[in-house]
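What the coordinates show
Here are the chains, one letter per residue:
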Amino acid sequence: MSRRVARFWLSALGAAAVFAIAARFLLPYGALQRVTASERLQVWLLTLWCAGAMAICFGLAALLGHASPVGVKEVADAGSVTAAIEARRRARRGAPYQWLNFGSWLALFGALLIGIYFVAWGVTR
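Definitions and limits used
- Residues numbered from 1 in each chain as written.
- Predicted model: local features only at pLDDT ≥ 70, side-chain atom pairs only at ≥ 80, totals over all residues.
- Heavy atoms only, no water.
- Salt bridge = Lys/Arg side-chain N within 4 Å of Asp/Glu carboxyl O.
- Helix = DSSP H or I, 4+ residues; strand = E, 2+ residues; numbered from the N terminus.
- Buried < 20%, exposed > 50% of the residue type's maximum accessible area, 1.4 Å probe, protein only.
- Contact = heavy atoms within 4.5 Å.

In this section: the pattern of salt bridges. Summed over the entire model, instances satisfying the criterion amount to two salt bridges. In this structure, the salt-bridge partner of Asp77 is Lys73, at a minimum N-O distance of 3.0 Å. Taken together, the positions of Asp77 and Lys73, both in helix H3 (residues 72-78) and four residues apart, correspond to about one turn of that helix. Owing to a relative accessible area of 58%, Asp77 belongs among the exposed residues under this scheme. Here Arg89 makes a salt bridge to Glu86, at a shortest N to O gap of 3.4 Å. With a gap of three residues between them, Arg89 and Glu86 both fall in helix H4 (residues 81-93), about one helical turn apart.

Quick look at the structure:
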């Protein structure tokens, strides 16, 4: 595994861990009128699950947007549709790690948050 891929995975894992810890201690449980330990745990687990699901949805939406067809600006810059498609193909072929972008990082972050949710849920049962 290259350094770039390792940094990609470790940064997503670190961000998910920091988010989970921050959510555990910074959620306004008093304002939510959740005072017992079991209620606080439920709120925290719900926060992890929802944040993870939303991150996955936004990340996948970004990945789908990345695969969108060429736009009017690309066609105008290239001079023709065929030239714009070929220019995009050449630009993507030269990138060694196409999947190392924010969309895939966000989807991975969400999956790791849901993983933390399942670990926390399993430990507290």
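For the rest of this paragraph, the subject is the environment of Ala120. By the secondary structure assignment, Ala120 is in helix H5 (residues 102-124). Take Ala120: its relative accessible area is 10%, and that puts it in the buried class. Spatially, the C-alpha atom of Ala120 lies 29 Å from that of Met1, the residues being 119 residues apart in sequence. Once residues within four sequence positions are removed from consideration, Ala120 is found in contact with Trp44 and Leu45.

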